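# Results of the structural survey
Residue strings, one per chain:
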Amino acid sequence: TSASLDGQYILAVIRYDFKFAHSTLGTTSSRVLIIDRDLKVIDIEQREHRQISIKPGECEHDPEEIYSNVVSCVNALAQRHNLNNRHVQAIGITN
């Protein structure tokens, strides 16, 4: 659903497989979260990326594809919630 948000928010860009206070994430995708001052997750957008097999048991990811996916996620959330740079208090990036 589309909603306009008031106030300041954190955008969290996350790429890895672990449990954290606000998300469970996989190595096959990048996610961007909107988090409010109370650390409540308002919305999540996700894009999967290709797994490039080097040899059995190893895999790589294309950094340009990851970047493009993150930008796409940010744009989708910004459009869905009518957000702009004035709404973003901080950006957290994990890998």
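Rules and cut-offs
Residues numbered from 1 in each chain as written. Predicted model: local features only at pLDDT ≥ 70, side-chain atom pairs only at ≥ 80, totals over all residues. Heavy atoms only, no water. Helix = DSSP H or I, 4+ residues; strand = E, 2+ residues; numbered from the N terminus. Buried < 20%, exposed > 50% of the residue type's maximum accessible area, 1.4 Å probe, protein only. Contact = heavy atoms within 4.5 Å. pLDDT = per-residue confidence, 0-100. Lys, Arg positive; Asp, Glu negative; His and termini not counted. Salt bridge = Lys/Arg side-chain N within 4 Å of Asp/Glu carboxyl O. Polar contact = N/O pair within 3.5 Å; in protein donor to acceptor, adjacent residues only side chain to side chain.

## Regarding the overall build of the chain
Of regular secondary structure, the chain possesses one helix and eight strands. Ordered by position in the sequence, the α and β elements of the chain form the string β-β-β-β-β-β-β-α-β. Relative to its 95 residues, the chain shows a buried fraction of 33%. Within the chain, contacts between residues separated by at least 24 positions form 47% of all contacts whose residues are at least 6 apart in sequence.

## As for the confidence of the model for the chain
Here the chain averages 76 in pLDDT, while 72% of its residues score no lower than 70. Across residues 16–26, confidence stays below pLDDT 50; counting only partners more than four residues off in sequence or on other chains, it has 22 contacts.

## Section: the side chain of Asp36
Note on placement: Asp36 falls in the loop between β4 (29–35) and β5 (41–48). For the buried Asp36, which has no salt bridge, the nearest side chain bearing the opposite charge is Lys40, at an N-O separation of 5.4 Å. Among the polar contacts made by the side chain of Asp36, one reaches the main-chain amide nitrogen of Asp38 at a distance of 2.9 Å.

## Comments concerning the pattern of salt bridges
Following the criterion strictly, the structure yields five salt bridges and no others. The closest approach of N and O atoms between Arg80 and Asp43, which form a salt bridge, is 2.8 Å. Here the residue Arg80 occupies a position in helix α1 (residues 63–81), and Asp43 occupies one in strand β5, the gap between them amounting to 37 residues. Note that Arg50 is salt-bridged to Asp62, the shortest N-O span being 3.4 Å. With Arg50 in the loop between β5 and β6 (52–55) and Asp62 in the loop between β7 (58–60) and α1, this residue pair connects regions lying 12 residues apart in the sequence. For Arg50, a relative accessible area of 46% gives the class partly exposed. Overlapping salt bridges bring together Asp43, Glu45, Arg47 and Arg80 as one network.

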